[in-house]
Amino acid sequence: MDAVTVRPERGDDVDAIHDVVVRAFGRDDEMRLVARLRRDGDAAISLVAVVGRAVIGHVVLSPMSAPFRALGLAPLSVAPEHQKLGAGAALTRAAIASARQSEWAAIFVLGDPVYYVRFGFRADLANGFSSPYAGAHFMVLPLFDRLPAMTGRIDYAPAFNDLA
Ligand SMILES: CC(C)(COP(=O)(O)OP(=O)(O)OC[C@H]1O[C@@H](n2cnc3c(N)ncnc32)[C@H](O)[C@@H]1OP(=O)(O)O)[C@@H](O)C(=O)NCCC(=O)NCCS
């Protein structure tokens, strides 16, 4: 099988991305979230994982309301038949590199700590922030030496208000 490569989303990827997101989550909600983030101009970083010419994975990061320049990583999607082959990790690592290059201070994620801890995300550092998502699954990755603040109110982009 061809290797997985990661590149920025292009205009003609939209249908393939939506198909991957629906199949990864087994429902439409996250696909609608991706579409609204794009429509709102909040898809600050949007990357696809490609095998050959086929889009098999996608990740989007959107600006958060936070005490410093922070992105929220969500959703991360890999087509079921391509899961557990490293595409999710390749997307996450490329997203982190892109965010660092654009001088974002941190990335927040709501997800399984077992999966995200390998990239350096930490639930303990997210503890001090108040958010509807606070808890063991809410994590943050500082992109430089340390977080500019350890407390404050954190909110995802408005598109997330539509998510059940
Ligand atoms: C989560 C997801 C993006 C991972 O992508 P992937 O390409 O399968 O992941 P990778 O191949 O990079 O990593 C595989 C590793 O992650 C683990 N893993 C995969 N999905 C996991 C999950 N939901 N929870 C915990 N661990 C998970 C695998 O067991 C494997 O572990 P190992 O490296 O120790 O063997 C993919 O499974 C997916 O699209 N799931 C449905 C949508 C979803 O839940 N997205 C995340 C929330 S936003």
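The structure this text deals with has already been given above.
Please read these numbers as outputs of a predicted model, since none were measured by experiment. (Residues numbered from 1 in each chain as written. Predicted model: local features only at pLDDT ≥ 70, side-chain atom pairs only at ≥ 80, totals over all residues.)

**Student:** How should the overall build of the protein be read in this particular structure?
**Tutor:** The number of helices and strands found in the protein is five helices and eight strands. Its helices and strands taken in sequence order, the protein reads β-α-α-β-β-β-α-β-α-α-β-β-β from the N to the C terminus. Across its three principal directions, the C-alpha atoms of the protein cover 45 × 30 × 25 Å. Expressed as a percentage of its 164 residues, the buried residues of the protein come to 40%. (Helix = DSSP H or I, 4+ residues; strand = E, 2+ residues; numbered from the N terminus. Buried ≥ 20, exposed ≤ 12 C-beta atoms within 10 Å, placed from the backbone.)

**Student:** Got a minute to help me understand helix H1 (residues 14-25) in this structure?
**Tutor:** Each full turn of the α-helix corresponds to 3.6 residues, which orients residues three or four apart in the same direction. In a regular helix each residue adds 1.5 Å, so 12 residues correspond to 16 Å; H1 covers 17 Å between its end C-alpha atoms and thus fits that length. Residues of H1 that are buried in the fold lie against helix H2 (29-39), strand S2 (45-51), strand S3 (54-63) and strand S4 (70-78). Downstream of H1 by a residue or two, Gly 26 has a phi angle that is positive, lying close to 70 degrees. (Expected span 1.5 Å × (residues − 1). Contact = placed C-beta atoms within 7 Å.)

**Student:** Explain the nonpolar core to me, please; I cannot follow it from the model alone.
**Tutor:** Note on soluble globular proteins: their nonpolar side chains tend to be buried together. If you look at the biggest cluster of nonpolar residues, it comprises 53 residues, and the most contacted ones within it are Ala 106 and Ile 107. Only H1, H2, S2, S3, S4, helix H3 (87-101), strand S5 (106-110) and strand S7 (138-142) provide two or more residues apiece to this core. With six residues, S4 is the single largest residue contributor to this core. (Core = buried A, V, L, I, M, F, W, Y, C linked by C-beta atoms within 7 Å.)

**Student:** Can you help me understand the site of the ligand in this one?
**Tutor:** Close to the ligand lie 18 residues, the nearest being Ala 24, Gln 83, Gly 88, Ala 89 and Asp 112. Sorting the residues of the shell around the ligand by element identifies H1, S4, H3 and helix H4 (113-116) as the ones contributing at least two each. For the shell around the ligand, the element with the most residues is S4, which contributes five residues. Of the residues that constitute the shell around the ligand, the class distribution is 11 nonpolar, five polar and two charged. (Near = placed C-beta within 6 Å. Nonpolar A, V, L, I, M, F, W, Y, C, P; charged D, E, K, R; others polar.)

**Student:** Sorry if this is basic, but what is going on with H2 here?
**Tutor:** Among the residues making up H2, those that are buried are Glu 30, Met 31, Leu 33, Val 34 and Leu 37. Buried residues of H2, viewed axially, fall in a sector of 155 degrees; they line one side. Contact partners of the buried residues in H2: H1, S3 and S4. Gly 41 occupies a position one or two residues after H2 and carries a positive phi of about 75 degrees. (Arc of directions from axis to C-beta.)

**Student:** Mind showing me how you'd approach the sheet that holds S2 here?
**Tutor:** Hydrogen bonding along the main chain pairs the strands of a sheet, whether they run parallel or antiparallel. Overall, mixed pairing links the six strands, which are arranged S1-S2-S3-S4-S5-S7 in an open sheet. The sheet is open, and its two borders are formed by strand S1 (4-8) and S7, each paired with just one other strand. Along the sheet, successive strands turn relative to each other by an average axial angle of 25 degrees, direction set aside. Two strands pair when backbone bridges link them, and S2 and S3 are joined in this way by seven bridges, in the antiparallel orientation. Residue pairing for S3: Val 50 is matched across the bridge by Val 55. (Pairing = 2+ DSSP bridges. Axes fitted to C-alpha atoms, helices over the stretch in contact; angles between N-to-C directions.)

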